[in-house]
Amino acid sequence: MFQYQESIAYDDIPVLPMEELARSVIERCRRSWRVVAFFGVPGREGTELVCILADASSRLLDAVRAVPGKRFESLTPLCPQVHLFEREICETWGVQPVGHPWLKPVRFRPQEGGNRALRPGPAETAYYRVDGPEVHEVAVGPVHAGVIEPGHFRFQCYGENVMHLEIQLGFQHRDVEHLILHSKDNLVLPLMENIAGDTAIGHSTAYCTLVERLCNVQPTRRAHRIRRLALELERLANHTRDLGAIGGDTGFLPTSAWNGRITGDFLNITSELCGSRFGRNLLCPGGVKWDVDSMLGEALAKRVRAAFRDARGSVDVMLESSSVLARLTGTGVVSFEDARALGLVGMAARACGLDTDDRMDWPLSALEQGPLKKHMRTSGDVLARTLIRSDELNDSAASAEADLHFLAATSGEEGCRTPMPSALPAGRLAVAMVEGWRGEICHVGITGKDGRWRAYKVVDPSFHNWSGLAMALRDEQISDFPLCNKSFNLSYCGHDL
Amino acid sequence: MDLRLYLAHFVLALVLAPLPLGIIAKVKALFAGRHGKPLLQPYYDIIKLLRKGEVIGEGTTWVFLAGPVIAMASAVAALALLPLGGVSSPFAFQGDFILCAYLLGMGRFATVLAALDTGSPFEGMGASREALFGAIAEPVLFLVFLALIGTASSLGEGALSLSALFNGFPVTAWMHGRPELVLLIFVMGVLLLLENCRIPVDDPTTHLELTMIHEVMVLDHSGPNMAFILYGSAVKLWIFSTLLIGLVIPPLPFPAQAAASLAGTACIACLVGVVESVMARLRMHVVPALVGLAGSVAAFVLILTLVR
């Protein structure tokens with residue numbers, strides 16, 4: 001076990017027999033531990049499986065590994081939260097989880113000239129199917145009516161009721177993890193910012209934090225504050241847009257129209273920080289590239305306040321409309337038990353009553369928490385996910401404004417970029433967990449003997465949460481799918497990597 | 001003279017029919033803080049579509065092509081049975097309300113068949129919804145007719161045609177101690193929103209196929225056939241506006257009543273725009289409850305007229 005801010009030597013991770021690893025993971029997941037990443041690393045005696053476990057109550061991480069050979073006994077029947085990790089391991093490393101209840105491709109497409117049977121393209125797979133008179137199947141996508149990313153959804157319907165929804169993604173697969181290992185150093189950060197375009201700051205924060213933990217470099221408090229400011233601005237923009245989109249899907253015109261404009265206000269504030277509306281090129285390992293001077297800080301604080309006032313008013317109009325509340329209440333419920341078993345993260349998990357928020361559970365810095373609080377709901381429906389967004393708007397705006405005032409007042413007292421060593425230390429592992437606006441972004445990096453990446457694992461919150469959406473649709477009306485989908489608003493490219 | 005006047009009104013209605021759609025869009029745009037598209041956009045759309053080519057799915061038959069034409073023709077025929085601008089229809093006869101209701105029903109039937117003909121799961125879903133909502137809306141419409149007929153017969157007028165029932169008669173009846181007819185305005189309002197697929201029943205502007213009712217049935221149509229569909233639904237909105245106006249406008253001298261009904265149609269379009277701007281859509285399984293509410297109000301009015 002190790003502290004989450006530290007890196008450990010990769011060779012110190014105990015190599016357990018596979019049964020031992022499975023027992024340890026299953027046993028700890030029954031208590032307060034969670035699997036944050038489970039992936040393969042090429043080793044001398046074949047693929048090593050590394051599992052990173054986290055316990056928020058003691059703020060401890062643990063890493064275990066095993067060398068299972070060609071197959072291993074699947075953990076999924078006893079520990080459902082690893083189901084997608086195991087499917088991923090199977091198709092990436094060819095190690096088969098025997099007894100996996102639903103072994104299907106996650107995202108693969110054939111390599112050039114590869115065997116299509118061994119590596120099928122995205123969504124080329126058998127689908128779960130309900131048979132019977134009056135049961136019908138509706139397939140949506142991967143090409144959609146709106147301008148959104150590709151994903152394939154299959155509904156097994158009985159009349160208007162959905163008995164089962166199956167989600168097949170993978171159309172956006174770019175092999176990001178492979179690219180990270182084999183890119184030039186100056187291309188890695190832009191790659192991170194493009195894992196999920198709407199979470200550029202979240203993913204770049206995770207990457208920078210990971211590199212700093214490996215190199216044992218601590219950025220200045222000012223750098224941490226600018227990072228937190230950027231992360232909250234990203235949250236503000238995305239929550240505002242999502243609340244508008246939820247209004248749009250219920251047919252509630254005013255909020256839908258206004259929030260589109262207000263989202264732009266928040267994005268423009270981010271662009272004043274670094275020149276990109278999505279926060280690209282702001283962070284770098286060791287700190288941030290652009291400081292905030294006192295004039296900019298005060299001006300942006302005013303703009304945050306104004307944009308927040310508009311957003312608050314617009315969202316309140318929606319939340320005070322009884323017709324909207326009637327539409328949202330009780331729609332797309334995910335139970336606490338399902339959310340915990342599937343390992344949901346972030347806002348979707350908090351809407352089901354799960355006590356998880358990486359900003360408080362795994363703080364990135366020693367800065368005071370300020371106005372940021374954990375917001376939880378217990379109903380697990382679309383309304384809960386809407387209200388959590390609405391509550392977080394208040395906190396994020398207050399936090400961003402306070403940080404801007406502080407940065408303006410202390411301008412010039414401290415630098416915001418700490419020099420980094422030229423190479424990564426050899427043979428070490430570190431973990432970075434960042435609460436992006438969707439939820440926990442987890443990056444795990446392992447360096448090789450040459451000080452280059454030996455393995456790099458990215459877990460976007462969407463990776464966990466897509467199965468939450470599938471659960472939300474059980475016994476739900478098919479006409480409520482777009483609304484449920486918007487209430488999760490998951491990333492396709494973050495999942496597909 | 002009456003015939004010529006009626007024809008003039010009829011042509012005017014056919015020409016103005018797409019205008020309310022433009023008014024609704026304009027009102028919604030104002031609520032959203034936008035300039036919105038031009039008031040005449042529905043006309044531009046129809047003209048544009050008429051000049052376009054058409055894509056017809058390989059699996060479809062003549063049913064697919066007949067749907068829009070039948071729907072539009074039956075809507076125009078139904079309009080011809082209504083009293084327009086205070087002038088009785090020359091086609092009026094005792095019991096023509098049944099023909100009117102089933103002309104609309106025929107249009108719906110043709111649209112549903114055309115949707116099923118495509119074989120698309122989306123369109124099948126939309127067809128099933130349209131058929132369900134059509135089936136529950138029909139008895140409510142007849143309850144409204146029956147309540148009016150009941151009132152008319154108890155007031156000693158044997159009116160059994162739309163031209164007699166919706167030509168200022170309801171307002172005269174309120175004045176003669178039949179205030180319960182006011183409730184029918186609410187019922188007709190709900191029917192107008194339901195039959196024309198407006199919020200809170202359906203969202204005509206959504207792009208989400210899974211939530212659509214009417215729009216999803218016409219996804220495969222394009223070009224001139226799409227123009228027929230657009231125009232047919234515009235005429236249908238005009239029909240329901242005329243019925244609703246018939247409940248509120250008293251019998252007036254000639255030019256006044258014609259002007260009042262045109263103004264009324266515009267007002268209704270504005271109201272629909274306001275409703276769409278300030279309300280969210282209902283969950284789909286709640287829609288039957290809304291229609292049920294309208295139906296029970298209509299039944300209540302019918303009972304009141306009968307027990308007098």
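No experiment lies behind these values; they were computed from the predicted model shown.

Looking now at the sheet that holds strand 2 (residues 8-9) of chain A. All names here are of chain A. Read across the sheet, four strands follow the order 2-14-15-16 without closing on themselves; strand pairing throughout is antiparallel. Each edge of the open sheet is held by one strand with a lone partner, namely strand 2 and strand 16 (453-459). Pairing analysis gives six bridges linking strand 15 (residues 440-447) to strand 16, with the strands arranged antiparallel. The residue bridging Gly445 from the neighbouring strand is Tyr456, located in strand 16.

For the rest of this paragraph, the subject is the pattern of salt bridges. Residues and elements named next belong to chain A. Counted according to the given criterion, the structure contains 50 salt bridges over all chains. Here Arg28 makes a salt bridge to Asp62, at a shortest N to O gap of 2.7 Å. Of this pair, Arg28 sits in helix 1 (residues 18-30) while Asp62 is found in strand 6 (residues 60-66), placing the two residues 34 residues apart along the sequence. A single burial state applies to Arg28 and to Asp62, both of which are buried. The salt bridge partner of Glu48 is Arg65, with a shortest N-O separation of 3.0 Å. On the criterion of sequence distance, the pair formed by Glu48 in strand 5 (residues 46-55) and Arg65 in strand 6 is long-range, its members being 17 residues apart. Glu48 sits in the buried class, given a relative accessible area of 11%. It is possible to trace a salt-bridge network through shared partners that takes in Glu232, Arg235, Arg350, Asp357, Arg359, Glu392 and Glu435.

Okay, the interface of chain B and chain A next. Listed by partner, the interface residues are 26 residues for chain B and 32 residues for chain A. Of the roughly 2,200 Å² buried where chain B meets chain A, counting both sides, 61% is carbon and sulfur surface. On the chain B side of the contact with chain A, B:Leu210, B:Ala280 and B:Arg283 bury the most area, a combined 28% of that side's loss. Our enumeration of links across chain B and chain A arrives at three salt bridges. Our enumeration of links across chain B and chain A arrives at six residue pairs in polar contact (both at pLDDT 80 or more). The greatest single-element share of the side of chain B that touches chain A, amounting to five residues, is contributed by helix 6 (residues 121-154) of chain B. Residues belonging to the side of chain B that touches chain A are distributed by class as follows: 13 nonpolar, five polar and eight charged.

Below, the discussion takes up the packing of aromatic side chains. Residue and element names in this part refer to chain B. What the rule picks out here adds up to 14 aromatic pairs over all chains. For the pair Phe97 and Phe142, a centre-to-centre distance of 6.3 Å together with 65° between the ring planes defines the contact as edge-to-face. Taken together, the positions of Phe97 in helix 5 (residues 96-118) and Phe142 in helix 6 put the pair 45 residues apart, joining distant regions of the chain. When the centroid spacing of 6.0 Å and the interplanar angle of 90° are considered together, the rings of Phe145 and Phe166 count as edge-to-face. Of this pair, Phe145 sits in helix 6 while Phe166 sits in the loop between helix 7 (162-165) and helix 8 (169-175), and the two are 21 residues apart along the sequence. Each member of the pair, Phe145 as well as Phe166, is classed as buried.

Let us now look at the confidence of the model for chain B. Residue and element names in this part refer to chain B. Summary statistics for chain B give a mean pLDDT of 92 and a share of 100% for residues scoring 70 or more. When pLDDT is averaged over each helix and strand of chain B, the minimum, 87, is found for helix 8 and the maximum, 96, for helix 3 (residues 41-50). With a pTM of 0.91, the predicted complex shows an ipTM of 0.88.

About the thresholds
Residues numbered from 1 in each chain as written. Chains lettered and ligands numbered in written order. Predicted model: local features only at pLDDT ≥ 70, side-chain atom pairs only at ≥ 80, totals over all residues. Heavy atoms only, no water. Pairing = 2+ DSSP bridges. Helix = DSSP H or I, 4+ residues; strand = E, 2+ residues; numbered from the N terminus. Salt bridge = Lys/Arg side-chain N within 4 Å of Asp/Glu carboxyl O. Buried < 20%, exposed > 50% of the residue type's maximum accessible area, 1.4 Å probe, protein only. Contact = heavy atoms within 4.5 Å. Buried area = accessible area lost by both parts, 1.4 Å probe. Polar contact = N/O pair within 3.5 Å; in protein donor to acceptor, adjacent residues only side chain to side chain. Nonpolar A, V, L, I, M, F, W, Y, C, P; charged D, E, K, R; others polar. Phe/Tyr/Trp six-rings, centres within 6.5 Å; stacked < 30°, edge-to-face > 60°. pLDDT = per-residue confidence, 0-100.

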